[in-house]
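# Tertiary structure, described
Chain by chain, the residues:
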Amino acid sequence: MIKEEFLQVVVARSTAYAAEIADRHGRGAKNAANFKGMTVASLVTFFGICYIIGAAGYRSWEDPWRMEFGLRNTLIAAAMTRDVFMQHLRYLHFEGESPAGGQPKDPLRKISEWLSHIQENIRNTRLYTVGAGVCLDESMILCKARIGFKQYMPKKPIKHGIKIFTLCCTLTAFCVSFAVYTGQAHMGDYSREEGLAWHVADTCLLDATYGDPYATGRILFADNWFTSIPFVLALWRKYKMRYVGPYTAATAVPKGGIQSTTFPFVAPSKANITALPRGWFRQAARVLIRRSDSVAAAADAGADAGAGAGA
């Protein structure tokens, strides 16, 4: 997914960043002067160690090198020393030259080039082609940093963190595209009629189609945040994809009255809602079937009675 040319760029930027700090005064300059250097091989090793630390559930970056409590990981300790790992962690730098004009507007400016490189490689190399169905939903990455776009989602296993919209294959759960949510103000321009949900879905689908109309005929599964008539129409017009998602029936007529984009059965009466158990749509369908059967039976009985009287 990551080309060696881009890793060389990251190594050069990290080395230049450490040299820049070493030219300053203070404790940070002294630590930067002891920087052992970075290579592509050491950078790949660093990323592998980060993956193992996250998968193993270590509480601290330094735990794999600790001898206490059986925390030491001999594989990690043999691959890289703790001091070299911490230097890579301290001076890793993805960003190029800082733009002039004060604080940038893009919160992901420091890693935006890295994320774009990953998405571009997915599109160009065609690592994976999804099956008949794709699923679009929010995912949370645990984050305790002080950032402005950290989200709180109480119904997720990870309640505080960075929210990412992920597009995955329904057969293998392979992630083919993603979009980091940094707030409505940073999500770009989108039509108010189609809404933010369509803008997010369009961004993920556009990154996953590789420029080819491969999405035609597939089914998109999503939650009720995406479910709307304008969303479904836009999805069909641009990608010829069908949509499956839940919809919660409202108990009142929407503001502005019934429109062409309003769902059917949008405002059932409160009495009908309270009378039906959970899964009211299926239950209502059963009632309709029973009523239609009884009406048909009554009609047949009436016809038989009329025929008997005529005889």
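Residues numbered from 1 in each chain as written. Predicted model: local features only at pLDDT ≥ 70, side-chain atom pairs only at ≥ 80, totals over all residues. Heavy atoms only, no water.

Counting its regular elements, the chain contains 10 helices and 6 strands. In the chain, which comprises 311 residues, the share counted as buried stands at 32%. Once local pairs closer than 6 in sequence are excluded, the contacts in the chain between residues at least 24 apart make up 56%. Of the roughly 20000 Å² of accessible surface on the chain, a fraction of 57% belongs to carbon and sulfur atoms. (Helix = DSSP H or I, 4+ residues; strand = E, 2+ residues; numbered from the N terminus. Buried < 20%, exposed > 50% of the residue type's maximum accessible area, 1.4 Å probe, protein only. Contact = heavy atoms within 4.5 Å. Areas by Shrake-Rupley, 256 points an atom, 1.4 Å probe, with all protein chains shown as cover.)

The set of residues buried in helix H8 (residues 229-239) consists of Phe231, Ala234, Leu235 and Tyr239. Projected down its long axis, H8 shows its buried positions confined to an angular sector of 105°, all on one face. One side-chain oxygen of the residue at the start of H8 lies 3.3 Å from the amide nitrogen of Phe231, identifying that residue as Ser228. One or two steps after H8, the chain reaches Lys240, where phi turns positive at roughly 55°. (Arc of directions from axis to C-beta. Polar contact = N/O pair within 3.5 Å; in protein donor to acceptor, adjacent residues only side chain to side chain.)

Now for helix H3 (residues 40-56). Counted at 1.5 Å a residue, the expected span for H3 with its 17 residues is 24 Å, and the 24 Å between its end C-alpha atoms agrees. Residues Ser42, Leu43, Phe46, Ile49 and Ile53 constitute the buried set of H3. Burial along H3 is one-sided: seen end-on, the buried residues are contained in an arc of 120°. When the buried face of H3 is taken as reference, the exposed residues oriented beyond 90 degrees from it are Ala41, Tyr51 and Ala55. If you follow the buried residues of H3, they end up packed against helix H1 (4-22), helix H4 (74-79) and helix H5 (82-91). Just downstream of H3, Gly57 is the residue with a positive phi angle, here 80°. (Expected span 1.5 Å × (residues − 1).)

Counting through the fold element by element, Glu138 comes out in strand E1 (residues 133-142). Relative accessible area serves as the criterion here: at 11%, Glu138 is assigned to the buried category. Residues Glu138 and Phe178, 40 residues apart in the sequence, show an inter-C-alpha distance of 9.5 Å. With sequence-adjacent residues up to four places away left out, Glu138 is seen in contact with Met153, Lys156, Lys163, Ile164, Phe165 and Asp223.

Before going further, it helps to spend a moment on the pairing of strand E3 (residues 160-169). The buried count for E3 comes to 9 of 10 residues, which makes it a mostly enclosed element. Both E1 and E3 contribute to a ladder of 9 bridges, which runs antiparallel. Bridge assignment links Ser139 to a residue of E3, and that residue is Ile164. Bridge analysis of strand E2 (residues 151-152) against E3 gives 2 bridges, and the strand direction is antiparallel. Residue pairing for E3: Tyr152 is matched across the bridge by His160. Here E3 runs beside strand E4 (residues 175-180); their pairing, made up of 5 bridges, is antiparallel. Its bridge partner lying in E4, Cys168 is registered against Cys175. (Pairing = 2+ DSSP bridges.)

The subject of this paragraph is the confidence of the model for the chain. Scored by pLDDT, the chain comes out at a mean of 75, with 65% of its residues at no less than 70. Mean pLDDT values over the elements of the chain span from 48, in helix H10 (residues 280-310), up to 90, in H4. Residue range residues 282-293 is modelled with pLDDT below 50. Its contacts to residues more than four positions away, or to other chains, number 3 contacts. (pLDDT = per-residue confidence, 0-100.)

With their axes 9 Å apart at the nearest point, H1 and H3 run at an angle of 95° to one another. By the angle between their axes, H1 is roughly perpendicular relative to H3. Contact residues: Glu4, Leu7, Gln8, Val10 and Val11 in H1; Val40, Leu43, Val44 and Phe47 in H3. Here the residues of the contact of H1 with H3 are counted per class, giving 7 nonpolar, 1 polar and 1 charged. (Axes fitted to C-alpha atoms, helices over the stretch in contact; angles between N-to-C directions. Parallel < 35°, antiparallel > 145°, perpendicular 65-115°, else oblique. Nonpolar A, V, L, I, M, F, W, Y, C, P; charged D, E, K, R; others polar.)

Further remarks concern the nonpolar core. Leu43, Ile49, Phe85 and Trp114 are the most contacted members of the largest nonpolar core, which totals 31 residues. It is H1 that provides the largest number of residues to this core, a total of 6 residues. Residues contacting Phe85, with those up to four places away along its chain left out, are Phe46, Ile49, Cys50, Ile53, Trp61, Trp65 and Met80. Listed in part, the 25 residues of the second largest apolar core include Val134, Leu136, Phe226 and Met241. (Core = buried A, V, L, I, M, F, W, Y, C linked by side-chain atoms within 4.5 Å.)

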